[in-house]
Amino acid sequence: MANRLNLIFDFNNMAMRALFTCGYAGEGSVSTFDTDEECAILIRKIATDMAYVMRTFAPDRTIVLCDAKSPWRNDLYEDSDENYKGTRVKDNTKNWDKIWEALNEYKEILKAKGFVVSEINHAEADDLAALWKKTLYTENGENILFVSSDRDWVQLIDFNSNLTRFCACFNPIADNKKQKKLYITEAFNAWINGEDNTPKTDIFFNNYNLQKDKFKNVKTKDVKISYTIENPNSVVLDKIMCGDDGDNAPAFYTYYKNGKKTRVTATKAKKIFEDLNITSVKDLCQANEADALKPEIEKVMKKELDDIDVNERLLRQRQLVELNPILFPEEIVSSFNYHIADTENIGYFPTDTIKLDTILSNTKYLNKDYKKPKENGIFDNLKDLEKYIKPINSNSLF
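Calculation criteria
Residues numbered from 1 in each chain as written. Predicted model: local features only at pLDDT ≥ 70, side-chain atom pairs only at ≥ 80, totals over all residues. Heavy atoms only, no water. Helix = DSSP H or I, 4+ residues; strand = E, 2+ residues; numbered from the N terminus. Expected span 1.5 Å × (residues − 1). Bend = angle between axes of the 7 residues up to and from the residue. Buried < 20%, exposed > 50% of the residue type's maximum accessible area, 1.4 Å probe, protein only. Core = buried A, V, L, I, M, F, W, Y, C linked by side-chain atoms within 4.5 Å. Contact = heavy atoms within 4.5 Å. Phe/Tyr/Trp six-rings, centres within 6.5 Å; stacked < 30°, edge-to-face > 60°. Lys NZ or Arg CZ within 6 Å of the ring centre and 35° of its normal.

Undergrad: I would appreciate a short explanation of helix α4 (residues 125-139) in the present structure.
TA: Every α-helix carries 3.6 residues per turn, so stepping three or four residues along brings you back to the same face. Between its first and last C-alpha, α4 extends 20 Å over 15 residues, near the 21 Å set by a 1.5 Å rise per residue. When the local axis directions of α4 are compared, the greatest deviation, roughly 30°, occurs at K133. Burial of α4 is extensive: 12 of the 15 residues sit out of reach of the surface. By the burial criterion, the buried members of α4 are A125, D126, D127, L128, A129, A130, L131, W132, K133, T135, L136 and Y137. Phi for G141, located one or two positions after α4, is positive at around 70°.

As structure tokens, this is what we get:
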């Protein structure tokens, strides 16, 4: 169904946002999560955030993606003293056993309420997002709205001009201008603003696109949502060449000169791409196959690459940062195919009126003594949450 919208949440990303919002919100905040009530505040915050997104975009299906404990990318560091995402510092002031217990209970609640909850051994939510895109968007011709503040997911945005189907990504964290970003492609922006060649709707509404009207009217529901045009190819190319400090993914090439670390920077990467006319990962691979990539990197870096195998290095970089199912371990892809079959008829329910009470009704997280807070708030005694929220360092999420 090409006109169907799938809403896909990044669960761990959403949970950590809620955790630190609760922890840094000032008056009425919680810090250690040692008690059931503190954990209940966290779960209610997550449910409130989910309900807001679902009411705003009114999806036809809702899917929640979870990280496995031991991601397969750790194996790519087996010859190194570092670990994948090893730069993230765990906050030892919090009771993580209690937090994870509450989050796992919440996932079971979501399953019981009819949500699709995806969790596969050794797979990250990033991997599952790419696999769901392949199934729903590429193969089934459906639309997807990803929900995550993780910039890795921006590489998944897409738009098919011939079939008018799309993948977009919504970051619900407001920036310093209090704007929540909806990442879209340039082609999507042209389509949503009527700058395409799609024929006008005929009298039988055969080519009426419900999603187009829905996204055009999103701002009437939340004026703080800002449409932001991104090039997904540029996002992944930059990560392949420059690495990702947040995930502890190294740059394509790094060396030390006079005790100073030199790496491929964004400026150097741009020069490489411009010289070789690279605009996609396919172009990058073709440049390597033509033996043009190595000499170009050597020229820009002013250093011979005799100490690395460029073919192996390119594969490693793609595996670390590119969300492409052809790069994933076969057992993850196979497990996902079984998961698709098991969840085929799950996740479909009306969402236009869904609220926190709908998700958490008849659970210990919403008891009879709970007082409903202001819409989209967390704490009963907090009138204006935003002014209390402090910036969050992504390197200290765990």
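Structure's up, so let's keep going.
Undergrad: How do you make sense of the nonpolar core when you look at a structure like this?
TA: Generally speaking, soluble globular proteins have nonpolar side chains that are buried together. In this structure, I46, M50, Y106, I359 and L360 are the most contacted members of the largest nonpolar core, which totals 57 residues. In terms of residue count, the dominant contributor to this core is helix α2 (residues 36-57) (13 residues). Not counting residues up to four positions away in its chain, the partners in contact with M50 are F9, M14, V64, Y106, L110, F115 and I359.

Undergrad: Sorry, what's going on with the packing of aromatic side chains here?
TA: Aromatic ring pairs are reported here in terms of the distance separating the ring centres and the angle at which the planes meet. Scanning the model with the defined rule gives 16 aromatic pairs in all. Relative to F349, the ring of F115 has its centre 5.0 Å away and its plane inclined at 70°; by these criteria the two rings are edge-to-face. On the criterion of sequence distance, the pair formed by F115 in the loop between α3 (96-112) and β3 (116-118) and F349 in the loop between α13 (330-342) and α14 (356-360) is long-range, its members being 234 residues apart. Measuring from centroid to centroid gives 5.5 Å for F146 and W153, while their planes differ by 85°, and the two rings are edge-to-face. Look at F146 and you get buried, because its relative accessible area is 0%. Aromatic rings pair up to connect F57, F159, F166, F170, F188, W191 and F215 into one cluster. Lying over the aromatic face of Y137, R165 brings its terminal NZ or CZ to 5.2 Å of the ring centre.

So, to be careful, I would describe these as geometric facts and stop short of saying anything about function.
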